[in-house]
Amino acid sequence: VGKTTELLYPSPEEWETDGALAYGELAGTGYSDREYCFVRRDRQAIWCHRTGRPLDKTSPHAGSIWVFADITQRRAQEAQLRLARTVFEHSSDALMITDSDGRIIDVNRAFTTIAGYEVEDVLGKNPSLFKSGAHPPEFYSNMWKTLLEAGRWDGEIIDRRKSGEIYPKWLSIT
């Protein structure tokens, strides 16, 4: 209390630059709403969602109200999601994600290359689409029993590509 927000910024220059931007937004639109990386007293970065409104729209520098919400954890989680997405997209293993009802919600490039299906061909479909007919119903019953009891199943399965070609693959389901 009683101090300027300059202490939140990595440098006085950044404080001045961001201040000019924020007060320019207040003058132009009546509000400022953005994310910014500030610095805590211990010099650690802290990401904030900062929202501001002037007390008087005709004179934003006469007074304003600002709300700062710490979004550091959210930004870290978003970075982890971007990393996971990159790994998913660039894996040389065919990867498929299904929802709780067993409908395909995503596949990666390796999947489309190996199975011959385009993403649009399989979204919303059940993986039984790839059944080759080489396995008896008991095979799938045992697979699902193991999956439900152990939380995973690994094994060789014979599937069918879009071209109709039958091929063996090692499948891991978790």
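Treat the numbers as computed from the prediction; the structure is a model and nothing was measured. (Residues numbered from 1 in each chain as written. Predicted model: local features only at pLDDT ≥ 70, side-chain atom pairs only at ≥ 80, totals over all residues. Heavy atoms only, no water.)

(A) The overall build of the protein, seen in detail. In terms of helices and strands, the protein carries five helices and seven strands. In the protein, the succession of helices and strands from N to C terminus is α-β-β-β-α-β-β-α-α-α-β-β. The globule rule puts the C-alpha radius of gyration for 174 residues at 16 Å, and the 27 Å found for the protein is more than 25% above it. Referenced to the eigenvectors of the C-alpha coordinate spread, the extents of the protein come out at roughly 80 × 35 × 25 Å. (Helix = DSSP H or I, 4+ residues; strand = E, 2+ residues; numbered from the N terminus. Rg over C-alpha atoms; globule rule 2.2 N^0.38 Å.)

(B) Representation of the pattern of salt bridges in the model. Taken as a whole and assessed by the stated rule, the structure comprises 15 salt bridges. The salt bridge partner of E89 is R85, with a shortest N-O separation of 3.0 Å. Of this pair, E89 and R85 are both found in helix 2 (residues 72-90), four residues apart, which corresponds to roughly one turn of the helix. The class for R85 is partly exposed, based on a relative accessible area of 36%. Between R161 and E165 there is a salt bridge, and its shortest N-O distance comes to 3.1 Å. Taken together, the salt bridges that share partners define one network made up of E35, R74, R75 and E78. (Salt bridge = Lys/Arg side-chain N within 4 Å of Asp/Glu carboxyl O. Buried < 20%, exposed > 50% of the residue type's maximum accessible area, 1.4 Å probe, protein only.)

(C) Examining the packing of aromatic side chains more closely. This model, assessed by the stated rule, comprises nine aromatic pairs. Their ring planes at 70° and their centres at 5.8 Å tell us that Y23 and W66 sit as a pair that is edge-to-face. A residue pair is termed long-range when its members are at least 10 positions apart, and Y23 in helix 1 (residues 12-29) and W66 in strand 3 (residues 64-70) qualify at 43 residues. With 5.0 Å between their ring centres and 50° between their planes, Y36 and F38 make a pair best called tilted. Across the pair, F38 and Y36 agree in class, each one buried. The cationic tip of K131 hangs over the ring face of Y140; the distance from NZ or CZ to the ring centre is 4.4 Å. (Phe/Tyr/Trp six-rings, centres within 6.5 Å; stacked < 30°, edge-to-face > 60°. Lys NZ or Arg CZ within 6 Å of the ring centre and 35° of its normal.)

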